[in-house]
Amino acid sequence: MLENKNSIVIGSDHAAYPLKEKIKTYLIECGMKIEDVGTCSEESVDYTDFGARVAVLVSAGKFQRGILLCGTGIGMSMVANRFPRVRAALCSDLFTAIMSRRHNNSNILVMGGRVIGEALALEMVKAWLETAFEGGRHQLRIEKFDRIDQTGLGKEFLKSL
Ligand code: RB5
């Protein structure tokens, strides 16, 4: 069974709408509460708009975890990672989905509906929800970029050139 995270926000564009529906059905069967921010059909939309909806909710702490889907997952991950406190991980296999939790404490799982099949996507969602963050040295690394404005990450290097 999936552990404590019993509420999750999900969004996709048209390219991954069918996969979003499959994932929703699976999560509801697992007893989870789903907030679906769209899109609601295969009619063409901008992934940007739906990526922002999920990212803003996670960024604001309204949801601990989110799932974003588009054709490749690339656009969604680019959008989501612009939002403070969002750590969106574009994953295409089980290993990266698990490691994004263990080492990166990813709070949004991003997948490409034109990249991976339904069975693998469901397996990845399950593993991603069940895998805990390891903390320790990984926490320190995350803090460096989660507070990038304060840490000035990279600035010393730029000055040294
Ligand atoms: C839509 O055609 C496609 O560009 C989108 O789903 C996504 O792959 C963008 O990164």
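Visitor: Where do I start with the site of the ligand in this structure?
Guide: Contacts to the ligand come from D13, H14, A15, Y47, C70, G71, T72, I74, G75 and R114. Within the backbone of T72, an N or O atom sits 2.9 Å from an oxygen atom of the ligand. Between G75 and the ligand, the recorded distance is 2.8 Å, taken from a backbone N or O atom to an oxygen atom. When the ligand sits alone it has 290 Å² of accessible area, and the protein chains cover 71% of it. Of the residues in the shell around the ligand, the class split is four nonpolar, four polar and two charged.

Visitor: So what exactly am I meant to see when it comes to the side chain of N107 here?
Guide: Topologically, N107 is positioned in the loop between α4 (94-102) and β5 (108-112). Separated by 2.8 Å, the side chain of N107 and the backbone oxygen of R85 make a polar contact. There is a polar contact of 2.7 Å between the side chain of N107 and the backbone nitrogen of R87. In this view, N107 contacts V58, Q64, R65, G66, R85, V86, R87, A88 and W128; residues no more than four positions away in its chain are not counted.

Visitor: Explanation requested: the pattern of salt bridges in the structure shown.
Guide: When charged atoms on two side chains of opposite charge get close, those side chains can pair. Scanning the entire structure with this criterion turns up eight salt bridges. Two residues, K24 and E21, come together in a salt bridge whose shortest N-O distance is 3.4 Å. A residue pair is termed a helical-turn pair when its members lie 3 or 4 positions apart in one helix, as K24 and E21 do in helix α1 (residues 17-29) at three residues. Owing to a relative accessible area of 16%, K24 belongs among the buried residues under this scheme.

Visitor: How should I be thinking about the packing of aromatic side chains in this particular structure?
Guide: In this description, an aromatic ring pair is defined by two values, namely the gap between the centres and the angle between the planes. Summed over all chains, the structure comprises zero aromatic pairs. Cation over ring: R65 sits above W128, and NZ or CZ is 4.6 Å from the ring centre.

Visitor: What's the story with the packing of α4 against helix α5 (residues 118-130) in this structure? I'm lost.
Guide: How two helices pack is summed up by the angle between their axes together with the distance between the axes. Contact pair α4 / α5: the axes reach a minimum separation of 9 Å and the direction vectors enclose 20°. Classified by the angle between their axes, α4 and α5 sit roughly parallel to one another. The way α4 lies across α5 gives a crossing that is right-handed. The segment α4 lies against α5, with L94, A97, I98, S100 and R101 engaging L120, E123, M124, A127 and W128.

Visitor: Sorry if this is basic, but what is going on with the sheet that holds strand β2 (residues 33-36) here?
Guide: Sheets are built from strands that pair by backbone hydrogen bonding, the pairs being arranged parallel or antiparallel. In space, the five strands of this open sheet follow the order β2-β1-β3-β5-β4, with parallel pairing throughout. Across the chains shown, the open sheet's two edge strands, defined by having one partner strand only, are β2 and β4 (88-90). This sheet shows a mean twist of 25° between the axes of neighbouring strands, independent of strand direction. As defined by bridge partners, strand β1 (residues 7-12) adjoins β2 across four bridges and the pair is classed as parallel. Paired with I10 across the strands is D36, a residue of β2. Packing of α1 onto the sheet brings it into contact with β1, β2, β3 (66-70) and β5, and relative to β1 it is tilted by some 165°. Running at roughly 170° to β3, helix α2 (residues 47-59) makes contact with β1, β3 and β5 of the sheet.

What counts and what doesn't
- Residues numbered from 1 in each chain as written.
- Predicted model: local features only at pLDDT ≥ 70, side-chain atom pairs only at ≥ 80, totals over all residues.
- Heavy atoms only, no water.
- Near = heavy atom within 4 Å.
- Polar contact = N/O pair within 3.5 Å; in protein donor to acceptor, adjacent residues only side chain to side chain.
- Areas by Shrake-Rupley, 256 points an atom, 1.4 Å probe, with all protein chains shown as cover.
- Nonpolar A, V, L, I, M, F, W, Y, C, P; charged D, E, K, R; others polar.
- Helix = DSSP H or I, 4+ residues; strand = E, 2+ residues; numbered from the N terminus.
- Contact = heavy atoms within 4.5 Å.
- Salt bridge = Lys/Arg side-chain N within 4 Å of Asp/Glu carboxyl O.
- Buried < 20%, exposed > 50% of the residue type's maximum accessible area, 1.4 Å probe, protein only.
- Phe/Tyr/Trp six-rings, centres within 6.5 Å; stacked < 30°, edge-to-face > 60°.
- Lys NZ or Arg CZ within 6 Å of the ring centre and 35° of its normal.
- Axes fitted to C-alpha atoms, helices over the stretch in contact; angles between N-to-C directions.
- Parallel < 35°, antiparallel > 145°, perpendicular 65-115°, else oblique.
- Left-handed = near helix turned anticlockwise from the far one by under 90°.
- Pairing = 2+ DSSP bridges.

All quantities given are derived from atomic positions and should not be read as evidence of function.
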